[in-house]
4 protein chains.
Amino acid sequence: MTDIDTIISALRQFNQERDWDQFHNGKDLAIGLSVEAAELLECFLWKQPEEASIDKIREELADVLNFAFQIADKYGLDIKEITMDKIRRNAEKYPVEKSKGSAKKYDEL
Amino acid sequence: MTDIDTIISALRQFNQERDWDQFHNGKDLAIGLSVEAAELLECFLWKQPEEASIDKIREELADVLNFAFQIADKYGLDIKEITMDKIRRNAEKYPVEKSKGSAKKYDEL
Amino acid sequence: MTDIDTIISALRQFNQERDWDQFHNGKDLAIGLSVEAAELLECFLWKQPEEASIDKIREELADVLNFAFQIADKYGLDIKEITMDKIRRNAEKYPVEKSKGSAKKYDEL
Amino acid sequence: MTDIDTIISALRQFNQERDWDQFHNGKDLAIGLSVEAAELLECFLWKQPEEASIDKIREELADVLNFAFQIADKYGLDIKEITMDKIRRNAEKYPVEKSKGSAKKYDEL
């Protein structure tokens, strides 16, 4: 079993034991993900990046990932496939020669 | 190499080729993650969960995951470890006998 | 003094008394606004719209508004002018005859 | 009519003309607000605060405010009352002598 399968399998078991699948429609999972992403972001509020607490980042990032993995599982999306595919397409949108050392968005390059 | 290592390795190479590590402080990565989480959420705006486009969900979820993986890599966090650890601690916060079939937050149980 | 001026004036005084203007750059104010918008959103998580607590909505909406007003003040933007102007432009983007009774985005009309 | 009443009145007319009240439940309005807050936040991504485009900030802030005003109207909340009330309570949570010149959260003071 791959790492990702191990995590998704643990999430499935957690939800089945609590009979929580009934609440886990895509819309509420996406809301949960946004809420957790904001809690991660709050670690940096009024701070320089290096002042944020790594313990809090660890906590909130785990919540973000667990929601993201549940959304992938809900829609039968293969995490390795969709992320690697996106990296390939971003490589085309941001060709090295145009984007090297630049933080511009692809439509401003 | 595990599947997570494969993804992170591809993200590192992508960023190194473009010399983008200079922009990738934790604060901006967390902003990027929140922005992508909101784009995923927008797939569901004014819609019933089942009306959302799975192609758009796939796109935006990939962006969310790639930002989350980069944050993990930035802080040297092991994704399998932090997510499995969080599932274990959530299992304690939400004991089966109290939380089964309930969507209440742990502090309302 | 208009209602909006009264609120902005109270926010200015609050910040000046605490010497907080030094922290209030646009980027952190926008982070704060996103965090509060997520807290408002969390009122609705796993719920039907009518199940959300109006007391919590009131709390979080006030935080959202106070951040939004501070951003307007930071950039010298006139709230009545920018919102009324946006309503006018949205009226052109969403002509009544095309958008009546439809929740489609303008680029799908 | 106060300036806030003028804005809310224009938003009501806009929605009535398009028969959009049917879509405007609190949950979707809160999603819309979060999405717009993230678009405002994106103005600052990979940037120093002073590098953000004020034209884009103006655009996105107007969207944020219009959603926030619609949520207030939806729940019959008086914007001046809830924001002024929040400022008063924040003044108690953050007493001047403890919070002056400090960006700490009230529970860390």
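About the thresholds
- Residues numbered from 1 in each chain as written.
- Chains lettered and ligands numbered in written order.
- Predicted model: local features only at pLDDT ≥ 70, side-chain atom pairs only at ≥ 80, totals over all residues.
- Heavy atoms only, no water.
- Helix = DSSP H or I, 4+ residues; strand = E, 2+ residues; numbered from the N terminus.
- Rg over C-alpha atoms; globule rule 2.2 N^0.38 Å.
- Buried < 20%, exposed > 50% of the residue type's maximum accessible area, 1.4 Å probe, protein only.
- Contact = heavy atoms within 4.5 Å.
- Areas by Shrake-Rupley, 256 points an atom, 1.4 Å probe, with all protein chains shown as cover.
- Axes fitted to C-alpha atoms, helices over the stretch in contact; angles between N-to-C directions.
- Parallel < 35°, antiparallel > 145°, perpendicular 65-115°, else oblique.
- Left-handed = near helix turned anticlockwise from the far one by under 90°.
- Salt bridge = Lys/Arg side-chain N within 4 Å of Asp/Glu carboxyl O.
- Least-squares fit on C-alpha atoms with pLDDT ≥ 70 in both.
- Buried area = accessible area lost by both parts, 1.4 Å probe.
- Polar contact = N/O pair within 3.5 Å; in protein donor to acceptor, adjacent residues only side chain to side chain.
- Core = buried A, V, L, I, M, F, W, Y, C linked by side-chain atoms within 4.5 Å.
- Expected span 1.5 Å × (residues − 1).

**Observations regarding the overall build of chain A**
No. 1: Looking only at helices and strands, chain A features five helices and zero strands.
No. 2: If you list the helices and strands of chain A from N to C, you get α-α-α-α-α.
No. 3: For a compact globule of 109 residues, the expected C-alpha radius of gyration is about 13 Å, and chain A comes in at 17 Å, more than 25% above that figure.
No. 4: Among the 109 residues that make up chain A, the fraction classed as buried is 54%.
No. 5: Sequence-distant contacts, at least 24 apart, represent 56% of the contacts inside chain A between residues at least 6 apart.
No. 6: Per element, the accessible surface of chain A, about 5100 Å² overall, is 44% carbon and sulfur.

**Observations regarding the packing of helix α2 (residues 26-42) of chain A against helix α2 (residues 26-42) of chain B**
No. 1: Taken N-terminus to C-terminus, the directions of α2 of chain A and α2 of chain B make an angle of 165°; their axes are 9 Å apart at the nearest point. With respect to α2 of chain B, the element α2 of chain A is oriented roughly antiparallel. Pair α2 of chain A / α2 of chain B crosses with left-handed handedness. Of the residues in α2 of chain B, those in contact with K27, A30, I31, L33, S34, A37, A38, L40 and L41 of chain A of α2 of chain A are K27, A30, I31, L33, S34, A37, A38, L40 and L41 of chain B.

**Some points on the pattern of salt bridges**
No. 1: Under the criterion given, the structure shown has 50 salt bridges over all chains.
No. 2: Residues K27 of chain A and D28 of chain D are paired through a salt bridge, measuring 2.8 Å at the closest nitrogen-oxygen approach. Taken together, the positions of K27 of chain A in helix α2 and D28 of chain D in helix α2 (residues 26-42) put the pair across two chains. Neither K27 of chain A nor D28 of chain D differs from the other in exposure class; each is buried.
No. 3: The partner of R89 of chain D in a salt bridge is D85 of chain D, and the shortest N-O contact between them spans 3.3 Å. A residue pair is termed a helical-turn pair when its members lie 3 or 4 positions apart in one helix, as R89 of chain D and D85 of chain D do in helix α4 (residues 79-93) at four residues.
No. 4: Several salt bridges converge on common partners, so that one network encompasses R58, E59 and D63 of chain A together with E81, D85, K86, R88 and R89 of chain B.

**Quick look at the relation of the copies chain C and chain D**
No. 1: Of the transformation superimposing chain C on chain D, the axial component is 0.0 Å and the angular component is 180°, with the fit at an RMSD of 0.0 Å. In symmetry terms, the pair is related by a two-fold rotation axis.

**Examining the interface of chain B and chain A**
Buried accessible area, meaning the area lost when the parts come together, often serves as the stated size of an interface.
No. 1: Contacts between the two partners involve 64 residues from chain B, matched on the other side by 64 residues from chain A.
No. 2: When chain B packs against chain A, close to 5900 Å² is buried across both sides, 70% of that on carbon and sulfur atoms.
No. 3: The largest per-residue losses of area from chain B upon contact with chain A belong to R18, K27 and R58 of chain B, which jointly make up 11% of the total buried on that side.
No. 4: Counting every contact that joins chain B to chain A gives 11 salt bridges.
No. 5: Here R89 of chain A and E59 of chain B are joined by a salt bridge, their closest N and O atoms 3.1 Å apart.
No. 6: Here chain B is connected to chain A by 26 residue pairs in polar contact (both at pLDDT 80 or more).
No. 7: Secondary structure elements with two or more residues in the side of chain B that touches chain A: α1 (3-18), α2, α3 (54-74), α4 (79-93) and α5 (96-99) of chain B.

**Quick look at the nonpolar core**
No. 1: Formed by 146 residues in total, the largest nonpolar core has its most connected members in F69 of chain A, F69 of chain B, F69 of chain C together with F69 of chain D.
No. 2: With residues up to four places along the chain from it excluded, the contact list for F69 of chain A reads I7, I8, L11 and I79 of chain A together with L65, F69, I79 and T83 of chain B.

**Topic: the interface of chain C and chain D**
No. 1: The interface is formed by 64 residues belonging to chain C together with 64 residues belonging to chain D.
No. 2: The tally of links between chain C and chain D comes to 11 salt bridges.
No. 3: The element best represented in the side of chain C that touches chain D is helix α3 (residues 54-74) of chain C, accounting for 14 residues.

**Regarding the relation of the copies chain B and chain A**
Each of the two chain copies can be generated from the other by rotation about an axis followed by a shift along it.
No. 1: Of the two same-sequence chains, chain B is brought onto chain A (RMSD 0.0 Å, axial shift 0.0 Å) by a rotation of 180°.
No. 2: By residue overlap, the copies meet face to face through one surface: 100% of the interface positions of chain B are interface positions in chain A.

**A few points about α3 of chain C**
No. 1: Between its terminal C-alpha atoms α3 of chain C stretches 30 Å, which fits the 30 Å expected from 21 residues at 1.5 Å a residue.
No. 2: The positive-phi residue at the C-terminal boundary of α3 of chain C is G76 of chain C, with phi of around 65°.

**With respect to the environment of V96 of chain D**
No. 1: Mapped onto the fold, V96 of chain D is located in helix α5 (residues 96-99).
No. 2: Every residue in contact with V96 of chain D, bar those within four places of it in the chain, is listed here: E17 and R18 of chain C.

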